Amino acid sequence: MSLLELENLRTFLENNGNIVRAVDGVSFSVEKGETFALLGESGCGKSMTSLSVMRLLPDAGRIVDGDIFFQGSSLLSLPEKGMRDIRGKKIGIIFQEPGLSLNPVLRVRDQIGEVLDRHAHLDREARNKRIVELLDQVGIPDPELRAEDYPFQFSGGMKQRVMIAMALAAEPDVLIADEPTTALDVTIQAQILELLRSLQKKLGMAILLITHDLGVVSEMASRVAVMYAGEIVETASRDAFFARPAHPYSRKLFASLPGREKRGEMLDMIRGVVPPLSREFSGCRFAERCDHAFDLCREVSPIWHDSGGSLVRCHLYADGRPGPVEERKVVAEPVPRPDMPGEILLSVRDLSVHFPIRKGLFKRVAGHVAAVDGVSFSIAEGKTLALVGESGCGKTTLGKAILQLLAPTSGSVNYDGKEITGLGRRSLKKARQGLQIIFQDPYASLNPRMRIREIMEEGMQGMGAGDRNAHILELLEEVGLSEDAQYRYPHEFSGGQRQRIAIARALAVNPRLIVCDEPTSALDVSVQAQILNLLKRLQADHGLSFLFITHNISVVEYLAHEVAVMYLGRIVEKGRAEDVLTAPAHPYTQALLAAVPSIAGRTPRAMARFDLPSPADPPAGCHYHLRCPHSMPQCETRYPEPTRLGESHEVRCHLYGNDTAGTGD
Amino acid sequence: MVVILWTDGLVFLLSGLILAFAVYASRRPHLSLPWRRVGQSRSGMISAVILICFVSIGLLDSFHFRPQIAIDKGKPIYSVEVLSAFDFLVETMRNHTERTYSSPFSAYAFSRETVASDGVQSRIYPRLRYGGADLADPGRERIPDILKRSLVAALEGIGVWALLAAILVFRHSGGKSFPDAASSIFRGETEIPWNAMLGTLLAIFLIAFPAFALSSHYHVFGTDKVGQDVFYLALKSIRTGLVIGTLTTLVMLPFAIFLGIMAGYLGGWLDDVIQYLYTMLNSIPAVLLIAASVLMMQVYIDAHPALFETMAERADLRLLFLCMILGMTSWTGLCRLLRGEALKLREMEYILAAQAFGVSRLRIVTRHILPNVMHIVLISVVMEFSSLVLAEAVLSYVGVGVDPSMISFGTMINSARLEMAREPMVWWPLAAAFVFMFAMVLSANLFADAVRDAFDPRTRVASRRIPPVKDEA
Ligand SMILES: Nc1ncnc2c1ncn2[C@@H]1O[C@H](COP(=O)(O)OP(=O)(O)O)[C@@H](O)[C@H]1O
Ligand code: SF4
Ligand code: SF4
Ligand SMILES: [Mg+2]
């Protein structure tokens, strides 16, 4: 008897009169003490599966068929009251957005207490002891004091720890973790994953882990199920899955991951987008996007086949056949890499942006947040500089300050030989011509009330009508959108398509440098591959330079020529991508690289401790010293000066100064 | 002679703007989509039908003219009385004035009068001049007469309704046979809840037709102190309420939008000044401000009687002025909302992207910010409507509302103050004002809710329309 078992579960949602088949015949089982990973891109029905298990569907949703068994008894036949005893006590859940899952007006103590009161009957003292114990268990420092705090006094990672403490309060047998780390930085993600692993070992609970990240699956799971368009298409043990993914969709997911080995080639990508689930399907749901599809695929929905190692729903494995033959692999197109050092296009010297903190009735300036604090770097023509760092360290502010969308406090930005800080509106407009920006959230970066054509025309004010028309068509073609896209509104496009539109808009003024602010972090891997390929091609064709802001190290490995690592407003290490990524010198860079979950599996790692401190009140001396495993006395008093390690490799850490004979790691 | 009063002009302007917007929006999916959602809302469409009836009366009542009474040496002489198309339509009701109070459907006056007949003085309830005047023995014939007239009128109403319903079905048949189309409409299978709307219309017709038919022989809601038909007064009050509810927002919108967006988008000292301004305005009790301004206005009007040719013009100017004053005191709420929204939008990435292109500030405001706050403006305008109608009633009751000669819910309630104290009580003017105002405000509120649900994505609730089948395969 499995601990948790789903049998042919079908959950439908109603959306604007359409029926969305979010979960359409899903079966799997979770055994005691294991981590079962449900892997899939956004919108494929993972969250609806987990909410169905908890019977916490939104109003518009309803389970129409199938059953869910917990320790052999059906959850769907329980009355709501019985279900309330299951929730929390037997099955706990944590969600993606720690900020949204805690009640902002209740102290942490009371929120955890609520769960305890419901499921365990403790007297006051035992209750308080248990709360502190739980907070301690999830690694919250000073648990006694912090229990009195409100959620807003915690950082994102700490909130997620509190959520875990709440979910664990009644010691459930199964913990459902729905993208528990997606909203967190890699360093924090590594901490949370480590925490989940150790708690699981200690408490012996099963985890149903829902994620879209292959790296996370590889590090955590014992078994994997791949979900696509409301169905499970492959289940396998972790080892079998990572040794040889069987379903064509799973294979494509691996192939579209960026990484160091793929530098210089185009990424393999899945064409098209996930089909809307409001559609009726006949045949294999992946058929439209599958390179191996044949006639049968479009007519008959495949049943489960054994591929030797995993169970797959794909006709290619019928009757013991070997599966897709990979000779149709897309030939990697070599991308010309402009490797000779070009002219310096943009150079930033000692740039600072300080935001005033206002307090009190009269909004007096009570202090400053040094969001960007004396940053210098330069970008050559046709090159990509990747700027990496945790969220909140000032990357986006730096990007905006370069474009003068924010007035820098001091320092200089020199673009194409001209200083552009402190210019008036009119002269700035001219000087900024060649500088453009692409944002992270494709849903926030296009005005929903304007047609694509009007959006693109914004940058073409100086052009005649005829030229505009031709230029718009040219740009749409360039980013791979059809001609009639121009008459439609943004809401008619998917995230990836919107990002293409944003790129086309930026290209409208023939820029020479584009600041890309996490352009792919809101997208699924398969769509990310499409966008990265596009950016790479544009660079090759037009000699564009990119300032690529990201926290995704594998994207950096794939794309960047140079890397700058930012920590609390300052660049702590920079240099050529090969140098920084293969021989990271700064302890922070080392921790950042080690935190990236890798599909090669779990590796012992140097983890960054604690959270990012507040930029409003950075620690004295080296900002990193509280988290740094190599911290020395001088680190607490003096910010280290830059030290050259190689021709272009520079680091700011006392380990490498002249005054210490450090060796790094 | 056609007379266009100030408020008439503005009402026409507003109607024109709404029409123009409807045409404009119908071609733009993102503008028409939320309206289609309003169209799908049952309560929204029911209340819309009622509102449309009110608005039609109000509009009819806004075509003013002065009838010609004589021709003097080839030059026409016009009456000093300004009438409206609506007055013309209900002429009998308007002209059937009694001497004083009479209760609804009564054939006799409400109070005894001393009459002399054949030299003998007696105190009796005299017969009314118009109410039930053609009955020989009201005691016996009145009820059957009322029932008969109502029934005939109700049948007429059903006839007209059936005709309208048939036209609707015909227009919707589109390929289907007539009975099929009819059954799909009546079983509520259409996107727009036509069946609910037709039901409402039938209910309205069943009330309105008999009421209207009876109004030429009886006083449906009785008469007031000076013998005017209360039903007529209540109908006339509709326009006043509508004008206050709509023109006030028309006055207030430019302030709220302009200042709110300026404060939010430009920020800096301008933001401080605007915030200061509305915080200050908010801390002065509105009634105080309104009373002071209205009294000042009244003094001005009284001092310059020559400016106005007719009473109606005087009253109209005061109405317009009241709208402006109410507008001045009520823009702050919307302004604060818009400031907040503009502050949020300013950080939106599409606006940053526009700035990166060097798009001018004016263009950013008109092309990026304004269209994206319009839903807030709309929601608050419809929500504000009913509170303004109520505000008028309260202000007129206190005596700082519309001109006493202007018929409005407020003036009706004001005079009811004394009537309720009489013994026996005269309750019908207040009841009439209450019924009409309640119907108008309730349907406006329900409609506003439907609009808010349709435009505000956060409050949208999904209907449960998933088939409860276990397996549909
Ligand atoms: N409240 C809702 N109302 C209507 N449709 C929804 C709602 N929530 C999710 N959906 C739809 O259900 C499908 C599955 O969503 P979800 O389970 O959240 O996917 P995932 O977790 O894999 O990203 C998607 O098509 C999504 O648009
Ligand atoms: S069944 Fe056909 S379309 Fe589906 S994954 Fe297999 S080969 Fe591709
Ligand atoms: S300067 Fe000191 S604290 Fe900072 S990173 Fe180097 S060793 Fe660590
Ligand atoms: Mg999800």
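This structure is a prediction, so every number in the text was calculated from the model and none was measured.

Rules used in this analysis
Residues numbered from 1 in each chain as written. Chains lettered and ligands numbered in written order. Predicted model: local features only at pLDDT ≥ 70, side-chain atom pairs only at ≥ 80, totals over all residues. Heavy atoms only, no water. Helix = DSSP H or I, 4+ residues; strand = E, 2+ residues; numbered from the N terminus. Buried < 20%, exposed > 50% of the residue type's maximum accessible area, 1.4 Å probe, protein only. Contact = heavy atoms within 4.5 Å. Areas by Shrake-Rupley, 256 points an atom, 1.4 Å probe, with all protein chains shown as cover. Lys, Arg positive; Asp, Glu negative; His and termini not counted. Charge placed at Lys NZ, Arg CZ, Asp CG, Glu CD. Pairing = 2+ DSSP bridges. pLDDT = per-residue confidence, 0-100. Axes fitted to C-alpha atoms, helices over the stretch in contact; angles between N-to-C directions. Expected span 1.5 Å × (residues − 1). Near = heavy atom within 4 Å. Nonpolar A, V, L, I, M, F, W, Y, C, P; charged D, E, K, R; others polar. Patch = residues over 30% accessible without salt bridge, like charges linked within 9 Å, V, L, I, M, F, W, Y side chains within 5 Å. Salt bridge = Lys/Arg side-chain N within 4 Å of Asp/Glu carboxyl O. Polar contact = N/O pair within 3.5 Å; in protein donor to acceptor, adjacent residues only side chain to side chain. Parallel < 35°, antiparallel > 145°, perpendicular 65-115°, else oblique. Left-handed = near helix turned anticlockwise from the far one by under 90°.

**Q** Help me understand the overall build of chain B, please; the structure alone is not making it clear to me.
**A** If you tally the helices and strands in chain B, you get 16 helices and seven strands. Considering only C-alpha atoms, chain B reaches an extent of 100 × 75 × 55 Å along its principal axes. Here chain B, with 473 residues, has 45% of them falling under the buried criterion. Taking all contacts inside chain B whose residues are at least 6 apart in sequence as the whole, residues at least 24 apart take part in 70%. Of the roughly 24,100 Å² of accessible surface on chain B, a fraction of 68% belongs to carbon and sulfur atoms. Each charge class in chain B can be summarised by its mean position, and for the 41 positive and 38 negative side chains these summaries are 4 Å apart.

**Q** I'm lost on the pairing of strand β6 (residues 91–94) of chain A in this one. Help?
**A** On any regular strand, side chains alternate: one points to one face of the sheet, the next to the other face. Residue and element names in this part refer to chain A. Residue alternation in β6 divides its side chains into two sets, Ile 91 and Ile 93 and Gly 92 and Ile 94, and both sets are buried. One ladder, built from four bridges, connects β6 with strand β7 (residues 174–178); its direction is parallel. Bridging across to β7, Ile 91 finds its partner in Val 174.

**Q** Explanation requested: the confidence of the model for chain B in the structure shown.
**A** The predicted coordinates of low-pLDDT regions are not to be read in fine detail. Residue and element names in this part refer to chain B. Across chain B, pLDDT averages 86, with 96% of residues at or above 70. Ranking the elements of chain B by mean pLDDT puts strand β6 (residues 113–117) last, at 79, and helix α3 (residues 42–60) first, at 93. Overall, residues 459–473 carries pLDDT values under 50, and its contacts beyond four positions in sequence, including any with other chains, amount to 29 contacts. Both scores are given for the predicted complex: the pTM is 0.78, the ipTM 0.71.

**Q** Would you mind showing me how to read the sheet that holds strand β23 (residues 643–644) of chain A here?
**A** Residues and elements named next belong to chain A. Strand order in the open sheet formed by eight strands is β18-β19-β20-β15-β21-β22-β24-β23, and the pairing between neighbours is mixed. The two strands at the open ends of the sheet, each matched to only one other strand, are β18 (435–438) and β23. With four bridges joining them, strand β15 (residues 384–388) and strand β21 (residues 562–567) adopt parallel strand pairing. The residue bridging Ala 386 from the neighbouring strand is Val 563, located in β21. Across the sheet, helix α13 (residues 395–402) is in contact with β15, β18, β19 (513–517), β20 (545–550) and β21; its angle to β20 comes to roughly 155°. Along the sheet, helix α21 (residues 587–595) contacts β15, β21 and β22 (570–576); its crossing angle with β21, the most-contacted strand, is approximately 105°.

**Q** Please explain helix α4 (residues 108–119) of chain A as it appears in this structure.
**A** For an α-helix, the turn length of 3.6 residues means that residues three or four places apart are oriented alike. Residues and elements named next belong to chain A. With twelve residues, α4 should reach 16 Å at 1.5 Å per residue; the first-to-last C-alpha distance of 17 Å fits that figure. Among the residues of α4, Val 108, Arg 109, Gln 111, Ile 112, Gly 113, Val 115, Leu 116 and His 119 are the ones counted as buried. Elements in contact with the buried residues of α4: α2 (80–86), α5 (124–137), α6 (143–146) and α7 (156–168).

**Q** What's the story with the site of ligand 3 in this structure? I'm lost.
**A** Among the 13 residues in the neighbourhood of ligand 3, the closest are listed as A:Cys622, A:Cys628, A:Cys635, A:Cys653 and A:His654. A breakdown of the residues in the shell around ligand 3 according to their chemical character gives nine nonpolar, four polar and no charged.

**Q** Help me understand the confidence of the model for chain A, please; the structure alone is not making it clear to me.
**A** Counting all residues, the mean pLDDT for chain A is 86, and 94% of those residues have values of 70 or more. Strand β3 (residues 35–39) of chain A holds the highest mean pLDDT among the elements of chain A, 95, whereas helix α3 (residues 98–101) of chain A holds the lowest, 76.

**Q** When you look at a negative patch on the surface in this model, what are you seeing that I'm missing?
**A** All names here are of chain A. Negative charge collects at one region of the surface, where Glu 474, Glu 477, Glu 483 and Asp 484 lie side by side. Within the element layout of this structure, Asp 484 appears in the loop between α16 (465–478) and α17 (495–507). Asp 484 sits in the partly exposed class, given a relative accessible area of 45%.

**Q** Would you mind showing me how to read the sheet that holds strand β2 (residues 18–30) of chain A here?
**A** The strands making up a sheet are joined through hydrogen bonds of the backbone, oriented either antiparallel or parallel. All names here are of chain A. Spatial ordering of the open sheet is given by β2-β1-β4-β5, a layout of four strands whose pairing is antiparallel. Taken across any chain shown, the strands that pair with only one partner, and hence form the sheet edges, are β2 and β5 (73–74). Sheet topology places strand β4 (residues 61–70) next to β5; two bridges connect them, and they run antiparallel. Note that in β5 the partner of Phe 70 across the bridge is Ser 73.

**Q** How should I be thinking about the side chain of B:Thr332 in this particular structure?
**A** All names here are of chain B. Note that Thr 332 resides in helix α12 (residues 311–346). Assessed through its relative accessible area of 4%, Thr 332 is described here as buried. Of note is the side chain of Thr 332, whose polar atom sits 3.0 Å from the side chain of Asn 282. Apart from the residues lying within four places of it in its own chain, the contact partners of Thr 332 are Tyr 278, Leu 281 and Asn 282.

**Q** So what exactly am I meant to see when it comes to the packing of helix α14 (residues 361–398) of chain B against helix α15 (residues 409–421) of chain B here?
**A** Each pair of packed helices can be summarised by the angle the axes make with each other and by the distance between the axes. All names here are of chain B. One way to put it is that α14 packs onto α15 with a least axis distance of 7 Å and a crossing angle of 45°. Relative to α15, the element α14 lies oblique. Considering only the axes of α14 and α15, their crossing is right-handed. Here Glu 392, Ala 393, Ser 396 and Tyr 397 of α14 lie close against α15, whose contacting residues are Phe 409, Gly 410, Thr 411, Ile 413, Asn 414 and Arg 417. By residue class, the composition of the contact of α14 with α15 is four nonpolar, four polar and two charged.

**Q** Explain a nonpolar patch on the surface here, please?
**A** A cluster of nonpolar side chains, contributed by B:Phe434, B:Val435, B:Phe438, B:Leu442 and B:Leu446, occupies part of the molecular surface with about 470 Å² of accessible area. Here B:Phe434 lies in helix α16 (residues 428–455).

**Q** Would you take a moment to explain the pattern of salt bridges for this structure?
**A** Pairing of side chains with opposite charge becomes possible as their charged atoms draw close. Residue and element names in this part refer to chain A. Under the defined criterion, the tally for this structure stands at 53 salt bridges over all chains. The salt bridge involving Arg 223 is made with Glu 34; its shortest N-O contact spans 2.8 Å. Here Arg 223, found in strand β9 (residues 223–228), pairs with Glu 34, found in the loop between β2 and β3; they are 189 residues apart in sequence, far enough to count as distant. Given the relative accessible area of 25%, Arg 223 is considered partly exposed. We note a salt bridge from Lys 395 to Glu 518, for which the minimum N-O separation is 3.9 Å. You can see Lys 395 sitting in helix α13 and its partner Glu 518 sitting in the loop between β19 and α18 (525–542), a full 123 residues away along the chain. Residue class for Lys 395 comes out buried when judged on its relative accessible area of 5%. Via salt bridges that share partners, Arg 10, Asp 24, Glu 231, Arg 285 and Arg 313 belong to a single interconnected network.

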